[in-house]
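What follows is the residue order along each chain.
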Amino acid sequence: IDNLQRRQQQLEIERVALTREEDKASKQRLKAVEAELSNVREQLTPLKIQWEAEHGRVTQLRSIRKKIEDLKSKADRAQREGKYDTAADLRYGAIPTLEAQVKALQADVDKEKAEKSDEGDEGVGVAPLLKEEVGPEQVMEIVSHWTGIPITKLSQSQRARLLALPTHREKR
């Protein structure tokens, strides 16, 4: 999405600059820029819709999980203070209800992932755009982008590097 948005901005700037020009070549380039701009917008629209839907779900899951943690701490506090009726209401009423909501949302997410993987190449944006947790793959991808070191080098374990050392030395 970020790359498409940047490309859209570049094309918008170029389009504005070309509208001020009067020569024939600029008019032809303007038509090409407008065609490419509409193509970028067509690609960007479904991705934005997908991102907004995923963002809404992730935000909702986070807020429910935060509520669960808050209610658990309130239940612990109520139990320490001797307010057993409040602790029981929280532990056996509110918390299980919220946990059921989390499970339902997670089931919806899993179902949607399965549907998108069934669609294959036909579906737009088969892979999820957002993940709830950052994994090692995402960290390697970002570090690789920042440093310019290929991901394969970053993901290679220390043991594999040592095993490949003799062949690497022979190449030199």
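An account of the accompanying structure is given in this report. As the structure is a prediction and not an experimental result, all values here were calculated from the model.

Before going further, it helps to spend a moment on the overall build of the protein. For the protein, the helix and strand inventory stands at six helices and zero strands. Counting helices and strands in the order they occur from the N terminus, the protein gives α-α-α-α-α-α. Residues classed as buried in the protein amount to 19% of the 172 residues present. Sequence-distant contacts in the protein: of pairs separated by 6 or more residues, those separated by 24 or more amount to 60%. With an accessible surface of roughly 13200 Å², the protein has 53% of that area assigned to carbon and sulfur atoms.

Before going further, it helps to examine the nonpolar core. Counting 10 residues, the largest nonpolar core consists of Leu61, Ile64, Ile68, Leu71, Ala75, Leu90, Ile95, Leu98, Val102 and Leu105. Ignoring anything within four residues of it in the chain, the contact list for isoleucine 68 reads Ile95, Leu98, Glu99 and Val102. Judged by nonpolar contacts, the second largest core, of nine residues, contains Leu4, Leu18, Val33 and Val40.

About the cut-offs
- Residues numbered from 1 in each chain as written.
- Predicted model: local features only at pLDDT ≥ 70, side-chain atom pairs only at ≥ 80, totals over all residues.
- Heavy atoms only, no water.
- Helix = DSSP H or I, 4+ residues; strand = E, 2+ residues; numbered from the N terminus.
- Buried < 20%, exposed > 50% of the residue type's maximum accessible area, 1.4 Å probe, protein only.
- Contact = heavy atoms within 4.5 Å.
- Areas by Shrake-Rupley, 256 points an atom, 1.4 Å probe, with all protein chains shown as cover.
- Core = buried A, V, L, I, M, F, W, Y, C linked by side-chain atoms within 4.5 Å.

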